[in-house]
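As a plain string of letters, each chain reads:
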Amino acid sequence: MGNGIRRFDPERDREAGYRLWKEIGWLEDEQEKVMDVFLQCGDAWVHEINGEAEFLVVTSPGELRYQQEDLPFSGVMAVTTSRIARKQGIAQRFTAQAIAEAAGKGALISGLGIFEQGFYNLLGFGNGVYEHLVFFD
């Protein structure tokens with residue numbers, strides 16, 4: 001992918017990933033195996049500072065049904081930045097690269113679960129409605 005970001009390497013980056021998610025309150029010790037499974041289900045990328053992963057972005061492929069057509073989709077599943085990596089433009093730059101990587105693999109649509117309204121608007125996302133109807137067949 002370039003520009004300082006590389007694929008998540010479970011052997012090398014596992015502990016840093018746990019630290020990042022614990023730092024932001026997404027993970028407790030007994031949930032580490034769940035994070036391992038989650039990271040295997042998509043494309044995970046890290047950015048290093050001083051030899052340690054300090055940013056992690058995860059996208060996951062899927063399909064989105066539009067009328068009678070299934071469109072290739074990429075969901076931005078997690079964007080996490082350590083305290084020392086914040087305010088450097090890393091999240092915006094590398095999330096955009098992860099989206100571009102998914103588009104290069106054929107994704108026509110990108111979506112995300114939004115936590116910080118406004119920030120992701122810089123990447124072309126907008127806020128949706130707060131009431132959703134979801135049907136499973």
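**Student:** Please explain the pattern of salt bridges as it appears in this structure.
**Tutor:** Applying the stated rule across the entire model yields 14 salt bridges. Taking the shortest distance from any N to any O, the salt bridge between glutamate 48 and arginine 6 comes out at 2.6 Å. With glutamate 48 in strand S2 (residues 43–49) and arginine 6 in strand S1 (residues 5–7), this pair connects stretches of sequence that are 42 residues apart. For lysine 22, the salt bridge identified is with aspartate 29, shortest N-O distance 2.4 Å. One continuous salt-bridge network, built from bridges that share partners, spans Arg19, Glu23, Glu52, Glu54 and Arg83.

**Student:** Could you clarify how one ought to interpret the sheet that holds S2 in this entry?
**Tutor:** Strand-to-strand pairing in sheets goes through backbone hydrogen bonds, with the strands running parallel or antiparallel. The strand order across the open sheet built from 5 strands is S1-S2-S3-S4-S5, with neighbouring strands paired in mixed fashion. A single partner strand is all that each edge strand has here, and the edge strands are S1 and strand S5 (109–112). Between one strand and the next, the sheet's axes are offset by a mean angle of 30 degrees, whatever the strand orientation. Where strand S3 (residues 52–66) meets strand S4 (residues 69–81), 12 bridges bridge the pair, whose relative direction is antiparallel. The partner of leucine 56 across the bridge, within S4, is threonine 80.

**Student:** When you look at the packing of aromatic side chains in this model, what are you seeing that I'm missing?
**Tutor:** To describe a pair of aromatic rings, you give the distance between the ring centres and the angle between the ring planes. As enumerated under the stated definition, the model contains 3 aromatic pairs in all. Where tryptophan 21 meets phenylalanine 38, the ring centres are 5.5 Å apart and the plane angle is 50 degrees; that geometry is what we call tilted. In this pair, tryptophan 21 is assigned in helix H1 (residues 10–23) and phenylalanine 38 in helix H2 (residues 32–40), connecting sequence segments 17 residues apart. For tryptophan 21, a relative accessible area of 8% gives the class buried. Classification of phenylalanine 38 by relative accessible area gives partly exposed; the value is 25%. For the ring pair phenylalanine 55 and phenylalanine 94, a centre distance of 6.1 Å and an interplane angle of 45 degrees mean the geometry is tilted.

**Student:** Quick question: what am I supposed to make of the packing of H1 against H2 here?
**Tutor:** Helix packing for two helices is described by the angle between their axes and how far apart those axes are. Closest axis-to-axis distance for the H1/H2 pair is 11 Å, and the angle between their directions is 110 degrees. With respect to H2, the axis of H1 lies roughly perpendicular. For H1 against H2, the interelement crossing comes out right-handed. Residues Arg14, Gly17, Tyr18, Trp21 and Lys22 of H1 form the contact with H2, whose own contacting residues are Glu32, Met35, Asp36 and Phe38.

**Student:** Would you mind showing me how to read unusual backbone geometry here?
**Tutor:** Negative phi characterises most residues that are not glycine, and trans characterises most peptide bonds. We note that asparagine 50 has phi near 55 degrees; this positive angle belongs to a residue other than glycine. Checked against the element boundaries, asparagine 50 lands in the loop between S2 and S3. Non-glycine residue glutamine 67 carries a positive phi angle of around 55 degrees. Examined against the element boundaries, glutamine 67 turns out to sit in the loop between S3 and S4.

**Student:** Looking at this model, I keep getting lost on the confidence of the model for the protein chain. Mind explaining?
**Tutor:** Segments scoring low in pLDDT should not have their predicted coordinates read at a detailed level. Counting all residues, the mean pLDDT for the protein chain is 84, and 82% of those residues have values of 70 or more. Mean pLDDT values over the elements of the protein chain span from 86, in S5, up to 92, in H1.

Conventions we followed
Residues numbered from 1 in each chain as written. Predicted model: local features only at pLDDT ≥ 70, side-chain atom pairs only at ≥ 80, totals over all residues. Heavy atoms only, no water. Salt bridge = Lys/Arg side-chain N within 4 Å of Asp/Glu carboxyl O. Helix = DSSP H or I, 4+ residues; strand = E, 2+ residues; numbered from the N terminus. Pairing = 2+ DSSP bridges. Axes fitted to C-alpha atoms, helices over the stretch in contact; angles between N-to-C directions. Phe/Tyr/Trp six-rings, centres within 6.5 Å; stacked < 30°, edge-to-face > 60°. Buried < 20%, exposed > 50% of the residue type's maximum accessible area, 1.4 Å probe, protein only. Parallel < 35°, antiparallel > 145°, perpendicular 65-115°, else oblique. Left-handed = near helix turned anticlockwise from the far one by under 90°. Contact = heavy atoms within 4.5 Å. pLDDT = per-residue confidence, 0-100.

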